[in-house]
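Close look at the chain arrangement
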2 protein chains.
Amino acid sequence: MTPKTVSAIALSLIPIVKPGDRLVEMILESVNETGIDLTNGDVIVIASKIVSKTEDRLVKASDVKVSKRATVIAEKNGFDPIHVELALRECVEVIRSDGVLITANQSGSVCNFSGVDKSNAPNAEYVLLPKDPDQSAKGILEELVRETGQKLAVVISDTQGRPWRKGSINVAIGCAGINAFKHNKGKSDLHGRTLKRSSICQIDELAALAEPLMGQAGERIPVVIIRGYEYEEGNETGVNIIRPRDEDMFR
Amino acid sequence: MTPKTVSAIALSLIPIVKPGDRLVEMILESVNETGIDLTNGDVIVIASKIVSKTEDRLVKASDVKVSKRATVIAEKNGFDPIHVELALRECVEVIRSDGVLITANQSGSVCNFSGVDKSNAPNAEYVLLPKDPDQSAKGILEELVRETGQKLAVVISDTQGRPWRKGSINVAIGCAGINAFKHNKGKSDLHGRTLKRSSICQIDELAALAEPLMGQAGERIPVVIIRGYEYEEGNETGVNIIRPRDEDMFR
């Protein structure tokens, strides 16, 4: 008997992308070179950075005028003032700015520096998160489905820190073709009792599943195919993961 | 060319365990029935609940005397008083008790109800988390290595909620034979610059990787083998994931 297996398959050899590059074309070429086919039920996890780059979410350091507010926060904490400035521009709320810079960004996601990053960015440039990651996922999915004729799903991932626990993990910031959550309410447990509630953030788990292959350094594996995962479908997307302000116990 | 792949393989048919059952023996029988062999580099992810049960961390509802403090919290929130009582006994600190019951448990982990759970517990019983999950992982690993002669690692997982983001995900509460983190400091990024810091909680990612197969209902897959993941070794374990109180920005 073949055991039930979920596999994460690394697509390799995607070149360094630049604004305007056709991401889906590059993914399909890489699929081809890797010697696999995209097939019904595959989930394509894509690192936000490569999406940001093709969407031209890059900012040159020399183009950034640092505000007084950013200077104050940067000086107090020993942060890069340009990095702080961009984080402030990208956010709708500063959650904490003492020793850390934790913000809620425009899509509502709470993270360090509004997700603005310098690593894996071209020299003297900063990478902002995609403007609307769910929309990006939707666009990529539509093109992938059109090209392959297969039923697929797309998750856009980002590596983020979190409260309470040290170390970052990959989480999902957008998705299409897959529901954000897997709802177990109504299912029976081991002892035949009905679960009253239990929602798993399945796209966060798929993002985490892809990270070991993607890595954080120069691995050049920004796209990972998840195969064999029986996911729940639905209309909840990345934006639905964010706890509404009035339900959030930590602001 | 075979693409780089990380696979999560479900071990099936582990029977409902009870206190005193020999977990490692059951895992090895299941490995055998599944038709695979444990092999060098495999990470065995084990749901905390099955570990708790074999360690007799079960409490009968009829054995619990509910304190005044637990009664007050239960009445205010409409919670089960016995559940609250056990959560209070298991914790070292109550973080919040309005609408939620978030505590820091004895191993320092911050979670709902100190991780005390009713689902997948025998009728009228509650399951507490393993007393020392790192120690449990160590014991299981030693026995597995002795029996198989392979170089393996063990991660004990639990499904937990988190601040900011809706839905639960699987996280690691203990490990052995694998480092809790993967440290990327000093590695080069895509553009040749050295990463100043970047630590990934690799055991949390491996726990998340196992959840899609384990499920939360009656799947009866409490053990998942991760194959093909090139993990970092070291002495950091589950307890090192917990942010020390004075570094935690959310208490």
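Each chain carries its own residue numbering, running from 1 in the direction its sequence is written. All chains are assigned letters beginning at A, and all ligands numbers beginning at 1, according to the order in which they are written. Reporting of local features is limited, given that this is a predicted model, to residues whose pLDDT is at least 70; pairs of side-chain atoms are given and counted only at 80 or more, and all residues count toward the totals for whole chains, interfaces and linings.

A separate point is the interface of chain A and chain B. Contacts between chain A and chain B engage 60 residues on the former and 60 residues on the latter. At the level of elements, β1 (5-10), β9 (169-176), β11 (199-200) and α6 (202-214) of chain A are the ones that each hand at least two residues to the side of chain A that touches chain B. Only DSSP runs of H or I covering at least 4 residues are called helices, and only runs of E covering at least 2 are called strands; the numbering of each starts at the N terminus. No other element matches the seven residues that α6(A) contributes to the side of chain A that touches chain B. Residue classes follow a fixed rule: Ala, Val, Leu, Ile, Met, Phe, Trp, Tyr, Cys and Pro count as nonpolar, while Asp, Glu, Lys and Arg count as charged, and any other residue, Gly among them, counts as polar. Residue classes in the side of chain A that touches chain B are distributed as 29 nonpolar, 18 polar and 13 charged. Strand pairing is defined by DSSP finding a minimum of two bridges between the two strands. In this sheet, strand β1 (residues 5-10) of chain B lies alongside β1(A) in antiparallel orientation, the contact comprising five bridges. Looking across to β1(B), one finds that Thr5(A) is bridged to Ile9(B). Contact between residues is assigned whenever the C-beta positions, reconstructed from backbone atoms, fall within 7 Å.

Residue and element names in this part refer to chain A. For helices, the fitted line uses only the C-alpha atoms of the stretch in contact; every axis is such a line through C-alpha atoms, and the angle between N-to-C directions lies from 0 to 180 degrees. At a minimum axis distance of 10 Å, the contact between helix α1 (residues 23-34) and helix α5 (residues 133-148) shows a crossing angle of 50°. Considering the angle they form, α1 stands oblique to α5. By crossing handedness, the relation of α1 to α5 is classed as right-handed. Only Ile140, Glu143, Leu144 and Glu147 of α5 make contact with α1, whose side of the interface consists of Leu23, Val24 and Leu28. Here the residues of the contact of α1 with α5 sort into five nonpolar, no polar and two charged. Angular relationships are summarised with four words: roughly parallel below 35 degrees, roughly antiparallel beyond 145, roughly perpendicular across 65 to 115, and oblique for the angles in between. Crossing handedness: left-handed means the near helix sits turned counterclockwise from the far one by under a right angle, and right-handed means the same turn made clockwise.

Positive phi, normally seen in glycine, also occurs at Ser114(A), with a value near 50°. Relative to the assigned elements, Ser114(A) resides in the loop between β6 (110-112) and β7 (125-127). Exposed residues have 12 or fewer other C-beta atoms within 10 Å of their own C-beta, buried residues have 20 or more, and partly exposed residues fall in between, where C-beta atoms are placed from the backbone. For Ser114(A), a count of 27 C-beta atoms within 10 Å translates into the label buried. Non-glycine residue Phe113(B) carries a positive phi angle of around 50°.

Residues and elements named next belong to chain A. Pairing is antiparallel in the open sheet, where three strands are placed in the order β4-β5-β6. With one partner strand each, in any of the chains shown, β4 (91-96) and β6 form the two edges of the open sheet. This sheet shows a mean twist of 35° between the axes of neighbouring strands, independent of strand direction.

With an RMSD of 0.0 Å, the fit of chain A onto chain B corresponds to turning through 180° and sliding 0.0 Å along the axis. Within this description, the copies of the chain are treated as partners about a two-fold rotation axis. Across chain A, the rotation axis passes nearest the C-alpha of Ser7(A), at a separation of 2.1 Å. When the interface residues of chain A are mapped onto chain B, 100% of them again fall at the interface, so both copies present the same face. Here the copies are superposed with least squares, the fitted atoms being C-alpha atoms of residues at a pLDDT of at least 70 in both.

With that settled, the discussion passes to the sheet that holds strand β5 (residues 102-105) of chain B. Residues and elements named next belong to chain B. The three strands lie next to each other as β4-β5-β6, forming an open sheet whose pairing is antiparallel. If you trace the sheet from one side to the other, it starts and ends with β4 (91-96) and β6 (110-112), each paired once. In this sheet, neighbouring strand axes are inclined to one another by 35° on average, regardless of whether the strands run parallel or antiparallel. Of the strand pairs in this sheet, β4 and β5 are connected by four bridges, and their pairing is antiparallel. Considered in β5, the bridge of Cys91 is made with Asn105.

Here we take up the environment of His83(A). All names here are of chain A. Along the chain, the position of His83 falls in helix α4 (residues 81-90). A C-alpha to C-alpha distance of 8.7 Å links His83 and Ala70, two positions 13 residues apart in sequence. Beyond its immediate chain neighbours, meaning those up to four positions away, His83 contacts Phe113, Val116, Lys118 and Tyr126.

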